[in-house]
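In case you want the letters, here they are:
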Amino acid sequence: MFTGIITDIGRIEALSQSGDMHARIKTGYDTGSIDIGASIASDGVCLTVVALGDDWYDVDISAETVSKTNLGAWRVGHKVNLERALKVGDELGGHIVSGHVDGVAEIIAMTDEGDSTRVQFRAPADLARFIAPKGSVALNGTSLTVNEVEGDVFGVNLISHTKEVTNWGHAKVGDRVNLEIDTLARYVARLAEYG
């Protein structure tokens, strides 16, 4: 489990394909405190650490994960939002995030408003019903509050702090981003189906 509060911006150092996709991610984390088998959310995708170095860790990414996320577009040098798994007693500053991406949304508009940037996304049609104004979503692993929703289009505001401490400062129209809907919204919708 995660909170959607990004704690490091990693960088893709190497990529290879041999069965699964294999990635080496450079990090500012103290890798001495990371165990093999640990889960780290990378652009919102819960990935398992399979090897470690002084300032990097490796992950294997299945074809299923590549097909459901934007990780297939990763390239060497790509900046990655990172969050280590939540520990009992940690502050829950965002919302409960599983790291299990539901689909990929597309940035369709960006408008600066003072120091903030209003970003509009088009969600996959089957996920749009789970997104509500003032609800939470995780986009590339970042916990964000939804401003408005109209059909399959929804918007969020990115404050300058978020743009500085995540890879959102490099976002542009046309980018595809990993979308995880709020777990609570999923269960409420499921209950309503059978209510």
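Now for a quick tour of the structure. (Residues numbered from 1 in each chain as written. Predicted model: local features only at pLDDT ≥ 70, side-chain atom pairs only at ≥ 80, totals over all residues. Heavy atoms only, no water.)

1. Overview of the pairing of strand S9 (residues 136-139)
Relative to strand S10 (residues 142-150), S9 is paired through four bridges, and the arrangement is antiparallel. Bridging across to S10, leucine 139 finds its partner in threonine 142. The antiparallel pairing of S9 with S10 creates a hairpin that spans two residues between the two strands, and asparagine 140 there sits at a positive phi of about 50°. Sheet topology places S9 next to strand S12 (residues 176-181); three bridges connect them, and they run antiparallel. The residue of S12 that forms the bridge with leucine 139 is leucine 179. (Pairing = 2+ DSSP bridges. Helix = DSSP H or I, 4+ residues; strand = E, 2+ residues; numbered from the N terminus.)

2. Observations regarding empty space enclosed by the protein
Applying the stated criterion across every chain yields a total of one cavity of 30 Å³ or more. By volume, the largest cavity is sized at about 30 Å³. Gly44, Val97, Val101, Ala138, Leu139, Asn140, Gly141, Asn178, Leu179 and Glu180 together form the lining of the largest cavity. Broken down by secondary-structure element, the contributors of at least two residues to the lining of the largest cavity are S9 and S12. When residues in the lining of the largest cavity are grouped by element, the largest group, three residues, is from S12. Grouping the constituent residues of the lining of the largest cavity by class yields five nonpolar, four polar and one charged. (1 Å grid on protein atoms, 1.4 Å probe; cavity = no way out; pocket = protein on both sides within 12 Å on 5 of 7 lines; lining within 4 Å. Points joined across faces, edges and corners; volume = space filled by probe spheres on them. Nonpolar A, V, L, I, M, F, W, Y, C, P; charged D, E, K, R; others polar.)

3. Looking at the sheet that holds strand S6 (residues 79-84)
Around the barrel, which closes on itself, the six strands sit in the order S1-S2-S5-S4-S3-S6 with antiparallel pairing between neighbours. Neighbour to neighbour, the strand axes of the sheet diverge by 45° on average, direction disregarded. Strand direction decides the pairing type here: strand S1 (residues 8-18) and strand S2 (residues 20-26), joined by seven bridges, are antiparallel. From the neighbouring strand, leucine 15 faces S2, where its bridge partner is alanine 23. (Axes fitted to C-alpha atoms, helices over the stretch in contact; angles between N-to-C directions.)

4. Here we look at a nonpolar patch on the surface
On the surface, a cluster of nonpolar side chains totalling about 270 Å² of accessible area is made up of Met1, Leu92 and Ile96. For isoleucine 96, the location among the structural elements is in the loop between S6 and strand S7 (103-113). (Patch = residues over 30% accessible without salt bridge, like charges linked within 9 Å, V, L, I, M, F, W, Y side chains within 5 Å. Areas by Shrake-Rupley, 256 points an atom, 1.4 Å probe, with all protein chains shown as cover. Salt bridge = Lys/Arg side-chain N within 4 Å of Asp/Glu carboxyl O.)

5. Some details on the layout of surface pockets
Counted as a void, the largest pocket has a volume near 430 Å³. Along its surface, the largest pocket is lined by 20 residues, and Asn70, His78, Asn140, Asp175 and Arg176 are the ones closest to its centre. For the lining of the largest pocket, the per-class residue count stands at seven nonpolar, eight polar and five charged. The wall of the second largest pocket is formed by 15 residues, among which Ile5, Thr142, Ser143, Leu144 and Thr162 lie closest to the centre. Contributions of two or more residues to the lining of the second largest pocket are made by S10, strand S11 (153-158) and helix H3 (160-165). Here the element with the most residues in the lining of the second largest pocket is S10; it accounts for four residues. In terms of residue class, the lining of the second largest pocket is made up of six nonpolar, nine polar and no charged.

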